[in-house]
Amino acid sequence: MPTPRLHWMRGRAEAEGGETRALEWIGCDDAGAAIARVVRLQGPIHTGWRLYRAVALDTEARVVQLRPPPPAGADWLACIGGQVVGRAALPLQAVRTAEAALGTG
Amino acid sequence: MSETPLDKIRNIGITAHIDAGKTTTTERILYYTGVSHRIGEVHDGNTTTDYMEQERERGITITSAAVTCEWKGHRINIIDTPGHIDFNIEVNRSLRVLDGAVFIIEGVAGVQPQSETNWRLADRYNVPRLIFINKLDRTGADFYRAFDTLKEKLDIVALPLQLPIGVEDQFSGVVDLVEMKAIIWEGGELGAKYHDAPIPDDLLEKAREYRQLLLDTALSVDDAAMEEYFEAGDVATATLKRCIKAATISGAFRPVLCGTAFKNKGVQPLLDAVLDYLPSPIDVPGIKIAAEEGEDEHAERRRIKADPKAPFAGLAFKIINDKYGTLTFVRVYAGTLRSGDMVQNTTRGHRERIGRMFQMHADKRAEIKEVSAGDIAAFVGLKDTMTGDTLAAAEDPVVLERMAFPVPVIDISVEPRTKESVEKMTIGLQKLAGEDPSLRLRTDQESGQTILSGMGELHLEIIIDRLKREYGVEANIGAPQVAYRETISRAVTETYTHKKQTGGSGQYAEVKIVFEPLERNGGVVFENKVVGGSVPREYIPAVEKGIRVQADTGVLAGFPTVDFKYTLIDGKYHDVDSSALAFEIAAKACFREGMKKAGPIILEPIMDVEVTTPQDHVGDVVGDLNRRRGMIQNQESSGSTIIVRAHVPLKEMFGYISDLRSMTKGRASFTMQFHHYDPVPRNIADEIMTKSA
């Protein structure tokens, strides 16, 4: 795999079984501007009265419902700006998808 | 024995389907680690772990054997387990006490039925495991096809850590995807000599592809490793190994290695992987204490962590009797114990003195003076400790989670040939049943015969053979019988009054009991709902006992009655004439009367049968299974052979092997294991009842 061109760093995280795990990875350019994100899908989630089968968090950590729900095994979304550019089973695969979409990979 | 630091101990099992190469692999491990100076072979009957006469004669493993070896500064305690389903209890109890397991998968057939069964058992006990695809030298071997069966049949995320170099007789080594190098065996010296080499050009692209998959999957379990990867574009070998180990322990994925133990290739890297990826006793969460009555079995409870300084806690998981007495194998979870110490058997509520202690090496033993957390040892001198019992220090008398034992499905009657042998046979059978929780003994109330219940024809054959060789008892054996069960199909409320009040001290008891069917495997459940003292409290246990005893002899054909609940709701007593005995008699009679009205049915064991046959005999095999009341579940092809899976009543499977051989000119084989109990059809039930009458 070519070396990633973006600089990736941990974004939001959550405590999971006694350790903190990243819910998202943020890809920045050389100037430090965030231009891509890979986001872990969650769900089902109860929010208020509703049950969401699959959700992601947007840049402001608001719950975004995914319709239709993604197929099994597509647990990470690759996002550029507000756009979803691909899905992957694993975060590194999602990173490659995002970089490929940007043409930096 | 406890000089090795805990983090350098590995307690592992080697398990697989029959003939996949468990004992062969164990034999190589003992040779390469310097424990033995020659390699024994199963077909020559001279392996270390198959030490029983019957094992050597038949070329199969019957009992699990514990051996210890040293590899690169670590101590590895290994238990080699049997592959035949009849001896599944050995796998069950071994997996219960081990910290990790190596599953050996045959490179030609892929995942086979017994591997599936053992895999589910390992799931039950959350055992971290490695997979070794073996026999890659064999004609028809295909690593990638065998690998695909892991996903298909076990539904797991499997991840190769190695790829084979060459196949069948050209198999020469493996590509190590962790260090991106080739490992080549040089031939000669029984595989002890091997060297690193660059990855062959024709495999480089494939190796890169699989290495990327390994990185993608393994690093996803560790954010710090991901950051290292983003920083450098790769990770250090130590980081990758740390991630693989974490994922192996959590079960996030299952690492896969490969080789051919028989041709002495691939075993040393497997040993390295045991050290690198399987947990030491301190890497696992610790063993749970048992649930209190009424507590959810699956709820999180206190765990006993491996600590030599903590109060002692251990689990007796195996008992064997030999000429020196009874040896009790114990997995020590916490504390340190010395010869002569006293411990509490917290399962049975009595104290035991520890006599001599041994480290076992198959049938050989080395005396040790103390044993600590993380170790497995054999104790002599325990008088009343059975398989599954907890031994603990008096200051912290914990009870550890018990083991689950399989249900026997085949009965045989056994009678000594001479009157002098009666006592010897009783003692022998009791000792054998004490060793083997999957063997049950009972006396048929009507015929007075001793009935042995076991897991299969082979299991009982070996028991009878051991009775003869080890206890000198010649016995007449009845034909194997299906272990039928009885149950009820509807609820009924029955009242029975037991009254004998003619002269002398009388007997009086009345019970009103509701009998209700339960789901399969529901067992026999008692509930007391008596209010107002209509049955005094001291007589309630007699009612419970009366039904349980009577349930051993069902009303239809005398088979044990299972899967029902009985609730005592009312009754009457007499101040002078009532007694525990009177209530027990009333309960027994109430059962007999109530069961007849509750729609009694006979249940028979249904087996999961897998027949592997050449394509041109599939029609004959399927037709024959249908004639045997089989329900075909599916058919799939594996190379030039077809695998037919069916559920077939055990009754129809006696002697199947000879019919199958003649039908297919000896080219097909089959395996079977217990699946579930089902009601027998009416005509068969009539036949069974007529026979029992």
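Position labels on residues start from 1 in each chain and follow its written sequence. For naming, the first written chain is A and the first written ligand is 1, with later ones following in the order written. Per-residue local features are limited, in this predicted model, to residues with pLDDT of at least 70; the limit for side-chain atom pairs, both in listing and counting, is 80 or more; totals at the level of whole chains, interfaces and linings are taken over all residues. Hydrogens and water molecules were not included; the side-chain quantities draw on all heavy atoms of the structure.

1. Digging into the overall build of chain A
Okay, step 1: By definition, any uninterrupted DSSP run of H or I lasting at least four residues is a helix, any uninterrupted run of E lasting at least two residues is a strand, and each is numbered from the N terminus. The secondary structure content of chain A amounts to one helix and 11 strands.
Okay, step 2: It is over C-alpha atoms that the radius of gyration is taken, and the globule rule equals 2.2 Å times the number of residues to the power 0.38. Taken against the 2.2 N^0.38 rule, which gives 13 Å for 105 residues, the C-alpha radius of gyration of chain A at 14 Å falls within 12% of a compact globule.
Okay, step 3: Projecting the C-alpha coordinates of chain A onto the three principal axes gives extents of approximately 45 × 30 × 25 Å.
Okay, step 4: We call a residue buried when its accessible area falls under 20% of the maximum for its residue type, exposed when it is over 50%, and partly exposed in between, using a 1.4 Å probe and counting protein chains only. Buried positions account for 39% of the 105 residues belonging to chain A.
Okay, step 5: A contact between two residues is defined here by any heavy atoms of the two lying within 4.5 Å. Counting contacts in chain A only where the partners sit at least 6 residues apart, residues at least 24 apart contribute 32% of the total.

2. Observations regarding the environment of B:Val111
Residues and elements named next belong to chain B.
Okay, step 1: Tracing the backbone shows Val111 in the loop between β4 (100–106) and α4 (113–124).
Okay, step 2: Along the chain, Val111 and Ser578 lie 467 residues apart, while their C-alpha atoms are 62 Å from each other.
Okay, step 3: With residues near it in sequence (within four places) discarded, Val111 still touches Ile105, Glu116, Thr149, Leu150, Lys153 and Leu154.

3. A closer look at the side chain of B:Thr567
Okay, step 1: The residue B:Thr567 is located in strand β33 (residues 564–572) in this model.
Okay, step 2: Leave out the neighbours within four places in its chain, and B:Thr567 touches B:Lys512, B:Ile513, B:Val514, B:Glu516, B:Glu527 and B:Lys529.

4. A short note on the packing of helix α14 (residues 618–627) of chain B against helix α15 (residues 656–664) of chain B
Axis angle and axis distance: for two packed helices, these are the angle between their axes and the distance between the axes, and together they describe the pair.
Residues and elements named next belong to chain B.
Okay, step 1: Here α14 crosses α15 at 150°, and the two axes come no closer than 10 Å. Considering their axes alone, α14 and α15 lie roughly antiparallel with respect to each other. Seen along the crossing, α14 lies across α15 with a hand that is right-handed. Taking contact as the criterion, the partners of Asp620, Val621, Asp624 and Leu625 in α14 are, on α15, Tyr656, Leu660, Met663 and Thr664.
Okay, step 2: Each residue gets one label: Ala, Val, Leu, Ile, Met, Phe, Trp, Tyr, Cys and Pro are nonpolar, Asp, Glu, Lys and Arg are charged, and the others, such as Gly, are polar. Considering only residue class, the contact of α14 with α15 consists of five nonpolar, one polar and two charged. Geometry is summarised by axes, namely lines fitted to C-alpha atoms with helices restricted to the contacting stretch, and by angles between N-to-C directions that run from 0 to 180 degrees. Should an angle fall under 35 degrees it is called roughly parallel, over 145 degrees roughly antiparallel, and 65 to 115 degrees roughly perpendicular, with every other angle called oblique. If you view the pair so one helix is near and one far, a crossing is left-handed when the near helix is turned anticlockwise from the far one by less than a right angle, and right-handed when it is turned clockwise.

5. Focus on the nonpolar core
Okay, step 1: In this structure, B:Ile133, B:Leu150 and B:Leu219 are the most contacted members of the largest nonpolar core, which totals 97 residues.
Okay, step 2: Look past the residues within four positions of B:Leu219 in its chain and what remains in contact with it is A:Leu92, B:Leu214, B:Ala225, B:Met226, B:Tyr229, B:Val235, B:Leu240 and B:Cys243.
Okay, step 3: Here, nonpolar core refers to any group of buried Ala, Val, Leu, Ile, Met, Phe, Trp, Tyr and Cys residues whose side-chain atoms link them within 4.5 Å. Counting 44 residues, the second largest nonpolar core, distinct from the first, contains B:Val414, B:Tyr471, B:Val482 and B:Met663.

6. Thoughts on the sheet that holds strand β32 (residues 524–528) of chain B
One key point about sheets: their strands pair by backbone hydrogen bonds, in either a parallel or an antiparallel sense.
All names here are of chain B.
Okay, step 1: Think of it this way: DSSP has to see at least two bridges between two strands before they count as a pair. Across the sheet, four strands lie side by side as β30-β31-β33-β32; this open sheet has mixed pairing. In this open sheet, the two edge strands, each paired with only one partner strand, are β30 (492–500) and β32. On average, adjacent strands in this sheet sit at an angle of 25° to one another, irrespective of strand direction.
Okay, step 2: Two elements, strand β31 (residues 507–517) and β33, share eight bridges in a ladder whose sense is antiparallel. Across the sheet, the residue bridging to Glu516 is Lys565, located in β33.
Okay, step 3: Where helix α12 (residues 540–551) meets the sheet, it contacts β31, β32 and β33, and its direction lies at approximately 140° from that of β33.

7. Notes on the pairing of strand β4 (residues 24–28) of chain A
All names here are of chain A.
Okay, step 1: Burial analysis of β4 places five of its five residues in the buried class, which makes it a mostly covered element.
Okay, step 2: Side-chain alternation along β4 places Glu24, Ile26 and Cys28 on one buried face and Trp25 and Gly27 on a second face that is also buried.
Okay, step 3: Of the pairings in the sheet, the one linking strand β1 (residues 7–10) to β4 comprises four bridges and is antiparallel in character. The residue of β4 that forms the bridge with Met9 is Ile26.
Okay, step 4: Two strands pair when backbone bridges link them, and β4 and strand β5 (residues 34–40) are joined in this way by five bridges, in the antiparallel orientation. What sits directly across from Ile26, in β5, is Arg37.
Okay, step 5: Between β4 and β5, which pair antiparallel in sequence order, lie five residues; one of them, Gly32, sits at a positive phi of approximately 90°.

8. A look at the side chain of B:Glu610
Residue and element names in this part refer to chain B.
Okay, step 1: As for its placement among the helices and strands, Glu610 is situated in strand β34 (residues 600–614).
Okay, step 2: Residue classification places Glu610 among the buried positions, given a relative accessible area of 7%.
Okay, step 3: Here a polar contact is recorded for every N or O atom pair within 3.5 Å, except that within protein the pair must consist of a potential hydrogen donor and a potential acceptor, and residues adjacent in sequence are included only if both atoms are side-chain atoms. Side-chain polar atoms of Glu610 contact the side chain of Arg645, separated by 2.8 Å.
Okay, step 4: When residues no more than four places from it in sequence are discounted, the contact partners of Glu610 are Pro113, Ile643, Val644, Arg645, Ser669, Phe670 and Thr671.

9. Remarks on the interface of chain A and chain B
Note on interface size: it is often stated as the accessible area lost on association of the parts.
Okay, step 1: Contact with chain A, which involves 15 residues of that partner, is made by 16 residues of chain B.
Okay, step 2: By buried area we mean the combined loss of accessible area, with a 1.4 Å probe, across both parts when two parts are placed together. Both faces considered, chain A and chain B share a buried interface measuring about 1,400 Å² in area, 59% of it formed by carbon and sulfur atoms.
Okay, step 3: When residues of chain A are sorted by the area they lose upon contact with chain B, A:Arg21, A:Trp25 and A:Leu92 head the list and together hold 39% of the total.
Okay, step 4: Each salt bridge in this description consists of a side-chain nitrogen of Lys or Arg and a carboxyl oxygen of Asp or Glu lying within 4 Å of one another. For the pair chain A and chain B, the number of links is four salt bridges.
Okay, step 5: B:Asp223 is the salt-bridge partner of A:Arg21, the closest N and O atoms lying 3.0 Å from each other.
Okay, step 6: For the interface between chain A and chain B, the tally reads seven residue pairs in polar contact (both at pLDDT 80 or more).

10. Some points on the packing of aromatic side chains
Two aromatic rings are characterised by how far apart their centres lie and by the angle between their planes.
Residue and element names in this part refer to chain B.
Okay, step 1: Note on ring pairs: Phe, Tyr and Trp rings are taken, using the six-membered ring of Trp, and paired if centres are within 6.5 Å. Classes follow the plane angle, with under 30 degrees stacked, over 60 edge-to-face and the rest tilted. All told, the structure shown has 19 aromatic pairs over all chains when counted by the stated rule.
Okay, step 2: On the basis of an interplanar angle of 20° and a centroid distance of 4.9 Å, the ring pair of Tyr539 and Phe583 is categorised as stacked. Pair noted here: Tyr539 is in the loop between β32 and α12 and Phe583 is in helix α13 (residues 580–597), with a separation of 44 residues, a long-range link.
Okay, step 3: For the pair Phe564 and Phe591, a centre-to-centre distance of 5.9 Å together with 50° between the ring planes defines the contact as tilted. Residue Phe564 is found in strand β33, and its partner Phe591 is found in helix α13; the two are separated by 27 residues along the sequence. No difference in accessibility class separates Phe564 from Phe591, as the two residues are buried.
Okay, step 4: Grouping aromatic residues by their ring pairs yields a cluster made of Phe515, Phe526, Phe564, Tyr566 and Phe591.

11. A closer look at the packing of α12(B) against α13(B)
All names here are of chain B.
Okay, step 1: The contact between α12 and α13 brings their axes to 7 Å, and the two run at 45°. In terms of orientation, α12 and α13 fall into the oblique class. Between α12 and α13 lies a crossing whose hand is right-handed. Here Ala542, Val543, Lys545, Gly546, Ile547, Val549, Gln550 and Ala551 of α12 come into contact with α13, specifically with Ala580, Phe583, Glu584, Ala587, Lys588, Phe591 and Arg592.
Okay, step 2: Here the residues of the contact of α12 with α13 sort into nine nonpolar, two polar and four charged.

12. Observations concerning the domain arrangement of chain B
Okay, step 1: Domain delimitation follows an automatic or database domain assignment. Each domain of chain B was delimited in the assignment, giving domain 1 (8–214 + 252–277), domain 2 (303–392), domain 3 (410–468), domain 4 (486–598) and domain 5 (603–692).
Okay, step 2: A separation of 43 Å is found between the C-alpha centroids of domain 2 of chain B and domain 5 of chain B.

13. Concerning the sheet that holds strand β20 (residues 364–368) of chain B
All names here are of chain B.
Okay, step 1: Taken in spatial order, the eight strands line up as β18-β17-β23-β14-β15-β22-β19-β20 in an open sheet, and their pairing is antiparallel. Whereas interior strands pair on both sides, the edge strands pair on one side only; in this sheet they are β18 (350–353) and β20. Each adjacent strand pair in this sheet contributes to an overall mean axis angle of 40°, direction not counted.
Okay, step 2: Bridge count between strand β17 (residues 342–345) and β18: four bridges; the pairing is antiparallel. By the bridge assignment for β18, Asn345 is matched with His350.
Okay, step 3: With respect to the sheet, helix α3 (residues 88–97) is in contact with β14 (313–322) and β15 (325–334), its orientation differing from that of β14 by roughly 150°.

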